[in-house]
Amino acid sequence: MSKFAPEPTDEICINTIRALAADVVGKANSGHPGAPMGMAPAAHVLFSRFFNANPKNSKWYNRDRFVLSNGHACALQYILLHFLGYKLSMDDLKQFRQMGSLTPGHPEASHTDGIEVTTGPLGQGFSSAVGLAIAQTHMAATYNKEEFELINNYTYVFTGDGCLMEGVASEAASLAGHLQLGNLIVIYDDNHISIDGDTAVAFTENVGMRFEAYGWQVLHVDNGDSDLEGIYKAIAEGRKEKNKPTIIRLRTTIGYGSKQQGTHGVHGSPLKADDIQALKTKFGLPADQTFYVPKETYDTYGLIAKRGAVLEEKWNKLLSEYGQKYSKEHAELTRRIAGKLPDGWEKSLPVYKPADAAQASRKLSEIVLSAVVPVLPELVGGSADLTGSNLTRTKTMVDFQPPSTGLGDYKGTYIRFGVREHGMGAIGNGLAAYGGIIPFVATFMNFVSYAAGAVRISALSKHQVIWVATHDSIGLGEDGPTHQPIETAIHLRAIPNLALWRPADGNETSAAYYWAINAKQTPSVLSLSRQNLPNLEGSTIEKALKGGYVVHEVEKEDLTIVSTGSEVSIAVEAAGKLLSEGIKTRVVSLPCWLVFDQQPKEYQLSVLRSGAPILSLEALSTAGWAKYSHEQYGVPEWGASAPYQKIYEKLGITGANIAVVGKKVVDFYKKKGGEVVSPLVKAI
């Protein structure tokens, strides 16, 4: 592919993309026609000359990955998927941005066939693409042999000014440069337009120089509207560079061919009918037909699809030959590609007795990782510059680093993310999306808030990313209220399809990991303590896997205290003090709301049953607890800088004070009279 060879169908294919983008957005009366029209030449050159994928098997492992980071150009991606023969019909294009369609307002992974990662929130796709590139680099280093280059795909990204303004993309780009990811090629749609107008109003930096400083190869194509050979040569040059990621600054005209080309008027609004007709006439297409695709365009992209099918067939043969020579590696690789876990891996999980020493749940997490990492090579992850605090790097791990640095190698499974929490979370999404990897990422619980956009995308996309979030409450002590996450847990609990685990002891920590590692379509956040926690009577992995269970049972109770994490042992202490006053108290541990809510209603009502008031206790905001309790006790204000015991005393989160609070609750409901019905008994 050293020389560009123009094809007679190039122009008609590009013009078809431009006109179809106008039609798709026009019918929806919503969307962004400009970027797809401006990027049509680059898209056509990339897919017709370079891109390797098989639409008949969109999960072929060695396919090239394409990420449309500037999600406002999503009509372009849908059009390409349709041309190539993915499961996306012309009727689907006509349903763009309609409820229940396969063409939602922005590309969504796990929703539309052929979409690798969810984009839309700017910068997320770019950053996830770095994760895809890291995954390929790691898997290639782990399984490729000299005569078997099994895993050698590229990750291609279309990005725009908006993505490059976002901090998350800067974080990921910086790390990509350090890691020397030569398999990552970004095409930057430099059209000088954002929603507010010309980028001159807010974005005037030299992007090329910035990326050179990151350690990227920077290439330039000054005429992205028609210089197909220039686009071709830049992509080919990017593929040659093996030790740097590449960004190609492609100067384009947004909305090319329309009356509003080059203005922000074509950025986020449909073209008018007369403009679309004039556009089609200019491009030699029938002006009176909508959603028109010439046979030549379908034929051209049909050949691209056939090329991909042939490549996969050759790859499958190579994989089979690899298995004959390297049976152990073949078995492990194919198991990982299939998303299966090794038989019996869970037997390595630690199990605890009440007499075992109290330990911080962050330390219990380290013990789990030390036990399971040797049997789960798919666990790949790291920390945002808090390794010594998060306790996430086990003794058997090697750092994932360019071999030339002498700091590790690409087979390494521990990633030094640096102080880049948001980028780390988005990169984790890319690692999960690639396949064969279960990523874990770590920081303080409070700083998961920095990465909230990426966490949300994980949950929406069904990416199995495991967050190890230590220092999870006022219990972190002296670092003070800037680091004490009062509101973070309820934020995360409110995100659909996100499991927040707050384990109370060793068995619950093992259970949290067991669930998270098995949850193929749900991300998890493990909220872990800095302070030591005792191992509880009545706690088991099996019970904790239900998300909630009775840790201290009594019959004909006067009160139930429901709690999580470091406060469960305080609740048990309070129950003992209450018993001395004749108040019988049950204690429920509720380590994961999401998992508990998935249990049969009968089980839920056996745990949080009617008959006595329920008091919740957590050293966090009480928001959300009314769903499970009649009364709530927690942290109504910011924390403080002090040893954690003093902060707990100041806020009344001690066994003695919770006993006083519990007695008040019991007295109130006795005086109130009537049946006390579980909060879980509801009409809807």
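Residues numbered from 1 in each chain as written. Predicted model: local features only at pLDDT ≥ 70, side-chain atom pairs only at ≥ 80, totals over all residues. Heavy atoms only, no water.

Taking an unreviewed UniProt entry as the reference, the protein is identified by name as transketolase belonging to Heliocybe sulcata. Here is the UniProt Sequence similarities (unreviewed entry) comment for the protein, exactly as written: "Belongs to the transketolase family." Note on the protein: under the UniProt heading Catalytic activity (unreviewed entry), the record states "D-sedoheptulose 7-phosphate + D-glyceraldehyde 3-phosphate = aldehydo-D-ribose 5-phosphate + D-xylulose 5-phosphate". (UniProt positions renumbered as here; feature names shortened; annotations may be inferred.)

Asker: Which residues make up the sheet that holds strand 2 (residues 155-160), and what values go with them?
Answerer: With parallel pairing, five strands are arranged side by side in an open sheet as 1-2-3-7-6. Because the sheet does not close on itself, it has two edges, and the strands there are strand 1 (65-68) and strand 6 (217-221). Neighbour to neighbour, the strand axes of the sheet diverge by 20° on average, direction disregarded. For strand 6 and strand 7 (residues 246-251), the ladder comprises five bridges, and the chain directions are parallel. Looking at strand 7, one finds that V221 is bridged to L250. (Pairing = 2+ DSSP bridges. Helix = DSSP H or I, 4+ residues; strand = E, 2+ residues; numbered from the N terminus. Axes fitted to C-alpha atoms, helices over the stretch in contact; angles between N-to-C directions.)

Asker: Hey, could you go over the packing of aromatic side chains for me, with residue numbers and the actual values?
Answerer: Per the stated rule, a full pass over the model turns up 32 aromatic pairs. Summarising the aromatic geometry, the rings of Y322 and Y326 are spaced 5.4 Å apart at their centres and angled 40° between planes, so their arrangement reads as tilted. A single burial state applies to Y322 and to Y326, both of which are buried. Ring centres 4.9 Å apart and planes at 75° place the aromatic pair W593 and W625 in the edge-to-face group. Of the two residues, W593 is situated in helix 21 (residues 593-597) and W625 in the loop between strand 19 (614-617) and strand 20 (631-633); the sequence distance between them amounts to 32 residues. Relative accessible area serves as the criterion here: at 8%, W593 is assigned to the buried category. Given a relative accessible area of 1%, W625 falls into the buried group. In this structure, R65 packs its charged tip against the face of Y434, placed 4.0 Å from the ring centre. (Phe/Tyr/Trp six-rings, centres within 6.5 Å; stacked < 30°, edge-to-face > 60°. Buried < 20%, exposed > 50% of the residue type's maximum accessible area, 1.4 Å probe, protein only. Lys NZ or Arg CZ within 6 Å of the ring centre and 35° of its normal.)

Asker: A description of the UniProt feature "binding site: thiamine diphosphate" (unreviewed entry) in the protein should follow, citing residues and the corresponding values.
Answerer: Mapped onto this numbering, the UniProt entry annotates "binding site: thiamine diphosphate" (unreviewed entry) at H72, G120, P121, L122, G162, N191, H267 and F447. With a sequence span of 376 residues, these residues are also far apart in the fold, their greatest C-alpha distance being 34.5 Å. For L122, the location among the structural elements is in the loop between helix 4 (90-94) and helix 5 (124-143). The exposure class assigned to L122 is partly exposed, which follows from its relative accessible area of 26%. Non-local contacts of L122, meaning those with residues more than four positions away in its chain, are made with S69, N70, G71, H72, G162, C163, E166 and V168. Here N191 lies in the loop between strand 3 (184-190) and strand 4 (193-194). When its relative accessible area of 9% is taken as the criterion, N191 is described as buried. Apart from the residues lying within four places of it in its own chain, the contact partners of N191 are D161, R251, T252 and I254. (Contact = heavy atoms within 4.5 Å.)

Asker: Break down helix 12 (residues 327-338) for me, with residues and values.
Answerer: For helix 12, built from twelve residues, the straight-helix expectation of 16 Å at 1.5 Å per residue is met to within 8% by its first-to-last C-alpha distance of 16 Å. Buried within helix 12 are the following residues: L333, R335 and R336. Summarising the axial view, the buried residues of helix 12 lie within an arc of 160°, below the 170-degree limit, and thus occupy one face. Within helix 12, the exposed residues directed more than 90 degrees away from the buried face are S327 and A338. Buried residues in helix 12 make contact with helix 5 and helix 11 (295-325). (Expected span 1.5 Å × (residues − 1). Arc of directions from axis to C-beta.)

Asker: Please give an account of the side chain of Q136 that cites residues and values.
Answerer: If you trace the backbone, Q136 turns up in helix 5. In this structure Q136 touches I151, N152, N153, N183 and Y434, once residues within four positions along its chain are discounted.

Asker: Explain the pattern of salt bridges to me, using residue names and the numbers behind them.
Answerer: A complete count under the given rule lists 27 salt bridges for this structure. In this structure, R210 and E205 form a salt bridge, with 2.5 Å as the shortest nitrogen-oxygen distance. Judged by relative accessible area, which is 40%, E205 ranks as partly exposed. In this structure, D597 engages K627 in a salt bridge whose closest nitrogen and oxygen atoms are separated by 2.7 Å. Pair noted here: D597 is in helix 21 and K627 is in the loop between strand 19 and strand 20, with a separation of 30 residues, a long-range link. (Salt bridge = Lys/Arg side-chain N within 4 Å of Asp/Glu carboxyl O.)

Asker: Describe the pairing of strand 14 (residues 524-527), and please don't skip the residues or the numbers.
Answerer: Burial along strand 14 is two-sided: S524 and L526 and V525 and S527, pointing in opposite directions, are all buried. Examined bridge by bridge, strand 12 (residues 466-470) and strand 14 share four bridges and lie parallel to one another. Note that in strand 14 the partner of A469 across the bridge is S527. Two strands pair when backbone bridges link them, and strand 13 (residues 499-501) and strand 14 are joined in this way by three bridges, in the parallel orientation. Across the sheet, the residue bridging to A499 is S524, located in strand 14. The handedness of the strand 13 to strand 14 crossover, carried by helix 18 (residues 506-518), is right-handed. (Right-handed = clockwise from strand over helix to strand, strands pointing away.)

Asker: Got a sec to walk through the nonpolar core? Specific residues and values, please.
Answerer: As a rule of thumb, nonpolar side chains are buried together in soluble globular proteins. Counting residues in each nonpolar core, the largest one holds 70 residues, and the members touching the most others are L184, F211 and W216. Sorting elements by how many residues they give to this core places helix 5 first, with ten residues. Looking at this core, you find at least three residues from each of domain 1 (8-85 + 113-311) and domain 2 (345-527). When residues no more than four places from it in sequence are discounted, the contact partners of F211 are F126, L164, A173, W216, V218 and I247. Counting 69 residues, the second-largest nonpolar core is a separate cluster that includes A43, I185, I248 and V293. (Core = buried A, V, L, I, M, F, W, Y, C linked by side-chain atoms within 4.5 Å. Domains from an automatic or database assignment.)

Asker: How would you sum up the domain arrangement of the protein? Please name residues and give values.
Answerer: Under the domain assignment, the protein is made up of domain 1 (8-85 + 113-311), domain 2 (345-527) and domain 3 (546-672). Distance from the C-alpha centre of domain 2 to the C-alpha centre of domain 3: 27 Å. On the side of domain 3, 33 residues touch domain 2, which itself brings 26 residues to the contact. For the pair domain 2 and domain 3, the summed buried surface comes to about 2200 Å²; carbon and sulfur atoms form 63% of the total. For the pair domain 2 and domain 3, the interface holds three salt bridges. R502 is the salt-bridge partner of E567, the closest N and O atoms lying 2.6 Å from each other. Counting across the interface, domain 2 meets domain 3 through eleven residue pairs in polar contact (both at pLDDT 80 or more). The set of elements that each furnish at least two residues to the side of domain 2 that touches domain 3 consists of helix 17 (488-493), strand 13 and helix 18. Class assignment of the residues belonging to the side of domain 2 that touches domain 3 gives a composition of 13 nonpolar, six polar and seven charged. (Buried area = accessible area lost by both parts, 1.4 Å probe. Polar contact = N/O pair within 3.5 Å; in protein donor to acceptor, adjacent residues only side chain to side chain. Nonpolar A, V, L, I, M, F, W, Y, C, P; charged D, E, K, R; others polar.)

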